[in-house]
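Below, each chain spelled out in residue letters.
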Amino acid sequence: MNAQLPTGSTAIVYCEGQFGAQDGKTANGLVRHSEKYEILSVIDSRRAGADAGEFLDGAANGIPVLTDLASAIAHAGRVPDYLICGVAPADGLLSQPQRVVLLDGIARGMHIINGLHEFLSDDVEFEAAALLSGVTITDIRRPREKKDLHLFSGRIEAVTCPRIAVLGTDGAIGKRTTATLVVQALVARGIRAVMVGTGQTTIIQGGRYGVALDALVPQFCSGEVENQVVAAFDGEDPDVIIVEGQGALSHPAYLTSAHILRGSRPAGVIVQHAPRRRVLGDFPMVAMPTLESEIALIEAFAATKVIGVTVNHEGMSDVEIDDAIDDIELAHGVPATDPLTRPLDRLVDMVVQSFPDLAVRAAARPTAPTRPLHLR
């Protein structure tokens, strides 16, 4: 029961018990950036009363965190159009309490946006409830029919602009947020940048070019990345394409970075790293890789170069962030920054330092675009 989603629809994001945490990354991303939906509130009784932006990033954005669906609807003043499942557990499955809330949303007349591996439109109870209420269920991770998927073809060689992949040392470490900010910062500098997403959250946010890579049969992963990059190049005539990463190349469970490197064949890679993270987020029995080892692995695996490092500042003071940036630049000889706490110009400089022609092309244009190209 999938439908074409209108731009500008109102939505509540359900994220009980996980907002601000790793398994709440879909909700976290929607609070920071959404061009498809007007996010009215987030549901998480643990954080109720907080401003979502203040809680995540220290800057209020007017999106309240509320106790439950009833209070979120009351705050909206009417039943919003959509209820988005903002939790993203590693197994991709709904718990029984989560099912109850989403079914309640359906009963109240709300369409459901589901980014989990569990397809709710195949669930008899959800299907019957949606039919009765006349609403839709959109399973973001449902892949196209295999006949419509793409194997790697080599068409990537026709993409003449640089591709930059934003990879990382773990899952849920900030790759999507950094990729989004890189695109916004480049466009603000007059450089035509477009983003290719590889996860469900980017698609929910409104990304025009993207695929939920971890829902595909591996045979098609690199080909689908290639296909989206080619589509972005043909559709936008960009100066540069930024490709969102997934997991980490070294990760024992989330291996899609390998397909991203093979499919997009990036000329440069930005690595997102959390200096205070000691174990992998979903796998506490596995130690975090070092930044040095991840950079070496990426550059050994693909014909590319790490052009910069972006810091996830979890558990760090402002002074510690500065120290980490300095240490990374000294140790690895590449620029580093924290995209969420430091000026975005540093991201542009990171890119232009490796690809100076981008600045030349931007300077030659009579006018520069004023908004990101299809980042919605």
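What you are looking at is a predicted structure, and each value in this text was computed from that prediction instead of being measured.

Engineer: How should the overall build of the protein be read in this particular structure?
Structural biologist: The number of helices and strands found in the protein is 13 helices and 14 strands. Its C-alpha atoms give the protein a radius of gyration of 20 Å, within 12% of the compact-globule value 21 Å for 376 residues. Projected onto its principal axes, the C-alpha positions of the protein cover 55 × 50 × 50 Å. Out of the 376 residues belonging to the protein, those deemed buried represent 55%. In the protein, the proportion of contacts linking residues at least 24 apart, taken out of those at least 6 apart, comes to 75%. About 15,300 Å² of surface is accessible on the protein, with carbon and sulfur atoms providing 53% of the total.

Engineer: Is there a simple way to think about the packing of aromatic side chains in this case?
Structural biologist: Given two aromatic rings, their pairing is described by the distance between the two centres and the angle made by the two planes. Considering all chains together, one arrives at three aromatic pairs under this definition. Both rings, one in Tyr254 and one in Phe283, keep their centres 5.8 Å apart while their planes meet at 70 degrees; by these two values the pair is edge-to-face. Residue Tyr254 is located in the loop between strand 9 (240-244) and helix 9 (257-264), and its partner Phe283 is located in strand 12 (residues 283-287); the two are separated by 29 residues in the primary sequence. Assessed through its relative accessible area of 23%, Tyr254 is described here as partly exposed. The positively charged end of Arg262 is found above the aromatic ring belonging to Phe301, 4.1 Å away from the centroid.

Engineer: Is there a simple way to explain the UniProt feature "domain: D-glutamate N-acetyltransferase-like C-terminal" (unreviewed entry) in the protein in this structure?
Structural biologist: UniProt feature "domain: D-glutamate N-acetyltransferase-like C-terminal" (unreviewed entry): in the numbering of this structure it lies at residues 151-348. The span residues 151-348 carries 37% helix and 19% strand; its end-to-end C-alpha distance comes to 33 Å.

Engineer: Hey, could you run me through the environment of Ala336 in this one?
Structural biologist: Tracing the sequence through the fold places Ala336 in strand 14 (residues 336-337). Along the backbone, Ala336 and Val271 are 65 residues apart, and their C-alpha atoms lie at a distance of 9.4 Å. Excluding residues that lie within four positions of it along the chain, Ala336 makes contacts with Val309, Ile325, Ile328, Glu329 and Met350.

Engineer: Got a minute to help me understand the UniProt feature "domain: D-glutamate N-acetyltransferase-like N-terminal" (unreviewed entry) in the protein in this structure?
Structural biologist: What UniProt calls "domain: D-glutamate N-acetyltransferase-like N-terminal" (unreviewed entry) maps, in this numbering, to residues 46-143. Annotated as 37% helix and 13% strand, the span residues 46-143 places its first and last C-alpha atoms 34 Å apart.

Engineer: Just checking my understanding: could you explain helix 6 (residues 175-188) for this structure?
Structural biologist: The α-helix winds at 3.6 residues per turn, so residues separated by three or four positions along the chain end up facing the same way. Here helix 6 contains 14 residues, and its C-alpha end-to-end distance of 20 Å stays within 8% of the 20 Å for a straight helix at 1.5 Å per residue. Burial runs high along helix 6: twelve of the 14 residues are buried. Lys175, Arg176, Thr177, Thr178, Ala179, Thr180, Leu181, Val182, Val183, Ala185, Leu186 and Val187 are the residues of helix 6 that are buried. The first or second residue beyond helix 6 is Gly190, which carries a positive phi of 90 degrees.

Engineer: Hey, could you run me through the sheet that holds strand 7 (residues 163-168) in this one?
Structural biologist: As a general point, the strands of a sheet are linked pairwise by backbone hydrogen bonds and lie either parallel or antiparallel. Strand order in this open sheet of six strands is 8-9-7-10-13-14, and the pairing throughout is parallel. Edge positions in the sheet fall to strand 8 (193-196) and strand 14, since each has one partner strand and no second. With four bridges connecting them, strand 8 and strand 9 associate as parallel partners. Residue pairing for strand 9: Ala193 is matched across the bridge by Val240. Each of strand 7, strand 8, strand 9, strand 10 (268-273) and strand 13 (305-311) touches helix 6; the most contacted strand, strand 8, lies at about 165 degrees to it. Seen against the sheet, helix 10 (residues 291-301) touches strand 7, strand 10 and strand 13 and runs at an angle of roughly 145 degrees to strand 13.

Engineer: Just checking my understanding: could you explain the environment of Glu125 for this structure?
Structural biologist: Following the sequence through the fold, Glu125 ends up in helix 5 (residues 124-133). Since its relative accessible area comes to 45%, Glu125 is described here as partly exposed. Note: C-alpha distance between Glu125 and Arg346 (221 residues apart in sequence) is 50 Å. Filtering out sequence-adjacent residues up to four positions away, Glu125 remains in contact with Arg99 and Leu103.

Engineer: Quick question: what am I supposed to make of the sheet that holds strand 5 (residues 111-114) here?
Structural biologist: Judged by pairing direction, the sheet is parallel, and its six strands sit side by side in the order 3-2-1-4-5-6 without closing on themselves. Either end of the sheet is taken by a strand with one partner, and the two such strands are strand 3 (65-66) and strand 6 (137-139). Inspection of the sheet shows strand 5 paired to strand 6 by three bridges, in the parallel sense. Across the sheet, Asn114 pairs through a bridge with Asp139, a residue of strand 6. In the packing of helix 3 (residues 69-76) onto the sheet, the strands contacted are strand 1 (9-14), strand 2 (37-43), strand 3 and strand 4 (82-85), and the crossing angle to strand 2 comes to about 140 degrees.

Basis of the calculations
- Residues numbered from 1 in each chain as written.
- Predicted model: local features only at pLDDT ≥ 70, side-chain atom pairs only at ≥ 80, totals over all residues.
- Heavy atoms only, no water.
- Helix = DSSP H or I, 4+ residues; strand = E, 2+ residues; numbered from the N terminus.
- Rg over C-alpha atoms; globule rule 2.2 N^0.38 Å.
- Buried < 20%, exposed > 50% of the residue type's maximum accessible area, 1.4 Å probe, protein only.
- Contact = heavy atoms within 4.5 Å.
- Areas by Shrake-Rupley, 256 points an atom, 1.4 Å probe, with all protein chains shown as cover.
- Phe/Tyr/Trp six-rings, centres within 6.5 Å; stacked < 30°, edge-to-face > 60°.
- Lys NZ or Arg CZ within 6 Å of the ring centre and 35° of its normal.
- UniProt positions renumbered as here; feature names shortened; annotations may be inferred.
- Expected span 1.5 Å × (residues − 1).
- Pairing = 2+ DSSP bridges.
- Axes fitted to C-alpha atoms, helices over the stretch in contact; angles between N-to-C directions.

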